[in-house]
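As a plain string of letters, each chain reads:
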Amino acid sequence: MADEDAYMPGNPALAASGLGFVLTGCSGGGKSTLLAVLARRGYDVRPEAGRQIVREQMHLGGGALPWRDAAAFVELAASRTMHLFNTVEPRGLPVFFDRSLVDLVSFLDMKAIAVPAYLRRAVEAYRYAPDVLVTPPWREIYASEAERPKPFEDACREYDALVAGYLAAGYGLVEVPRLDVEARADFVVAFLRARAGLTPGS
């Protein structure tokens, strides 16, 4: 988006189109792997802002990490999440987002940290498609890593908080079944086709 004047907070055109689909869920539940397959199939996929922030902070030795300073992490991740949303130019095709602002609110709620008023307002202003795809906890494929240093039980608590957060924000949830990744991608494509035939070539 080269034209600065075209940068519209809340991206009203995308919000009105209903084509901004969120894929969220339990850490280690196969979400990122599924999104990579969807991207290879030709879908527009936007990355997870939080993971970008973690990588940047670890590279710089910064403290805005979710396990060190949750509030600072959320502030940076929220700004990046809004930027990713605002820079989408709607073209009548679906766009997949790896998590959304609701994930950040749910994370703070789970930590019993006060959610800033601006973030509550952002959840209302930045509206994605009404049905959110969610990957449930899956112990068999779960693995802790440097960017996600948490046991499986904590990931399950995170999932419960996400479900509550999205329902509270007025979204419906569509659970992606525990299948191999290609079958999961087929499920998502079928989900899109059920909503007005939304495929890359349509």
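Residues numbered from 1 in each chain as written. Predicted model: local features only at pLDDT ≥ 70, side-chain atom pairs only at ≥ 80, totals over all residues. Heavy atoms only, no water.

J.: Lay out the sheet that holds strand S1 (residues 20-25) with the relevant residues and their values.
T.: Sheet architecture is open: 5 strands sit in the order S2-S3-S1-S4-S5, paired in parallel fashion. Each edge of the sheet is formed by a strand with only one pairing partner; in this case those strands are strand S2 (44-46) and strand S5 (172-175). Shown here is a sheet whose adjacent strand axes are inclined to one another by a mean of 30°, direction ignored. Examined bridge by bridge, S2 and strand S3 (residues 95-98) share 3 bridges and lie parallel to one another. (Pairing = 2+ DSSP bridges. Helix = DSSP H or I, 4+ residues; strand = E, 2+ residues; numbered from the N terminus. Axes fitted to C-alpha atoms, helices over the stretch in contact; angles between N-to-C directions.)

J.: How would you sum up the nonpolar core? Please name residues and give values.
T.: Soluble globular proteins tend to bury their nonpolar side chains together. Counting 32 residues, the largest nonpolar core has Phe 73, Leu 101, Leu 104 and Leu 119 as its most contacted members. Every element with two or more residues in this core is listed here: helix H3 (49-60), helix H4 (70-86), S3, helix H5 (101-110), helix H6 (117-125) and helix H7 (152-168). When residues in this core are grouped by element, the largest group, 7 residues, is from H4. When sequence neighbours within four positions are dropped, the list of residues in contact with Leu 119 reads Val 74, Ala 78, Leu 101, Leu 104, Val 105 and Leu 108. Core analysis: the next-biggest nonpolar cluster, separate from the first, contains 18 residues, Phe 21, Leu 35, Phe 191 and Leu 192 among them. (Core = buried A, V, L, I, M, F, W, Y, C linked by side-chain atoms within 4.5 Å. Buried < 20%, exposed > 50% of the residue type's maximum accessible area, 1.4 Å probe, protein only. Contact = heavy atoms within 4.5 Å.)

J.: An account of H3 is requested, with residue identities and associated values reported.
T.: The end-to-end C-alpha distance of H3, which contains 12 residues, comes to 17 Å, matching closely the 16 Å that a straight helix rising 1.5 Å per residue would cover. By the burial criterion, the buried members of H3 are Ala 49, Gly 50, Ile 53, Val 54 and Gln 57. Within H3, the buried residues cover an arc of 135° as seen down the axis, which keeps them to one side. Where H3 is buried, its residues meet H4. (Expected span 1.5 Å × (residues − 1). Arc of directions from axis to C-beta.)

J.: Report on the packing of aromatic side chains, specifying residues and quantitative values.
T.: Each aromatic ring pair is characterised by the separation of its centres together with the angle its planes make. One pass over the structure, following the stated rule, counts 9 aromatic pairs. Aromatic side chains Tyr 43 and Phe 96 sit 5.7 Å apart centroid to centroid with 75° between the ring planes, which places their arrangement in the edge-to-face category. Of this pair, Tyr 43 sits in the loop between helix H2 (31-40) and S2 while Phe 96 sits in strand S3, and the two are 53 residues apart along the sequence. We note that Tyr 43, like Phe 96, is buried. Both rings, one in Phe 97 and one in Tyr 128, keep their centres 5.3 Å apart while their planes meet at 80°; by these two values the pair is edge-to-face. Residue Phe 97 is located in strand S3, and its partner Tyr 128 is located in the loop between H6 and strand S4 (131-135); the two are separated by 31 residues in the primary sequence. Both residues of the pair, Phe 97 and Tyr 128, count as buried. Aromatic ring contacts, followed pair by pair, group Phe 21, Tyr 43, Phe 96 and Phe 191 into a single cluster. (Phe/Tyr/Trp six-rings, centres within 6.5 Å; stacked < 30°, edge-to-face > 60°.)

J.: So what's going on with the pattern of salt bridges? Which residues, and what values?
T.: Tallied over the full model, the rule gives 13 salt bridges. A salt bridge links Arg 99 to Asp 103; the nearest nitrogen and oxygen atoms lie 2.9 Å apart. Comparing Arg 99 with Asp 103 shows no difference in burial state: the two are buried. (Salt bridge = Lys/Arg side-chain N within 4 Å of Asp/Glu carboxyl O.)

J.: Break down helix H8 (residues 181-193) for me, with residues and values.
T.: A rise of 1.5 Å per residue sets the reference length of H8, with its 13 residues, at 18 Å; its end C-alpha atoms lie 18 Å apart and thus fit the reference within 8%. Three or more residues of H8 are buried, namely Arg 184, Ala 185, Val 188, Val 189, Phe 191 and Leu 192. All buried residues of H8 fall inside an arc of 155° around its axis, so they share one side. Close packing links the buried residues of H8 with S1, H2, S3, S4 and S5. One side-chain oxygen of the residue at the start of H8 lies 3.2 Å from the amide nitrogen of Glu 182, identifying that residue as Asp 180. (Polar contact = N/O pair within 3.5 Å; in protein donor to acceptor, adjacent residues only side chain to side chain.)

J.: Could you give an account of the pairing of S1, with specific residues and numbers?
T.: Of all 6 residues making up S1, 6 are buried, and the element is well covered by its neighbours. Where burial is concerned, the two faces of S1 agree: the one with Gly 20, Val 22 and Thr 24 and the one with Phe 21, Leu 23 and Gly 25 are both buried. Inspection of the sheet shows S1 paired to S4 by 3 bridges, in the parallel sense. Note that in S4 the partner of Thr 24 across the bridge is Val 134.

Without other data, these values stay purely geometric and don't point to any function.
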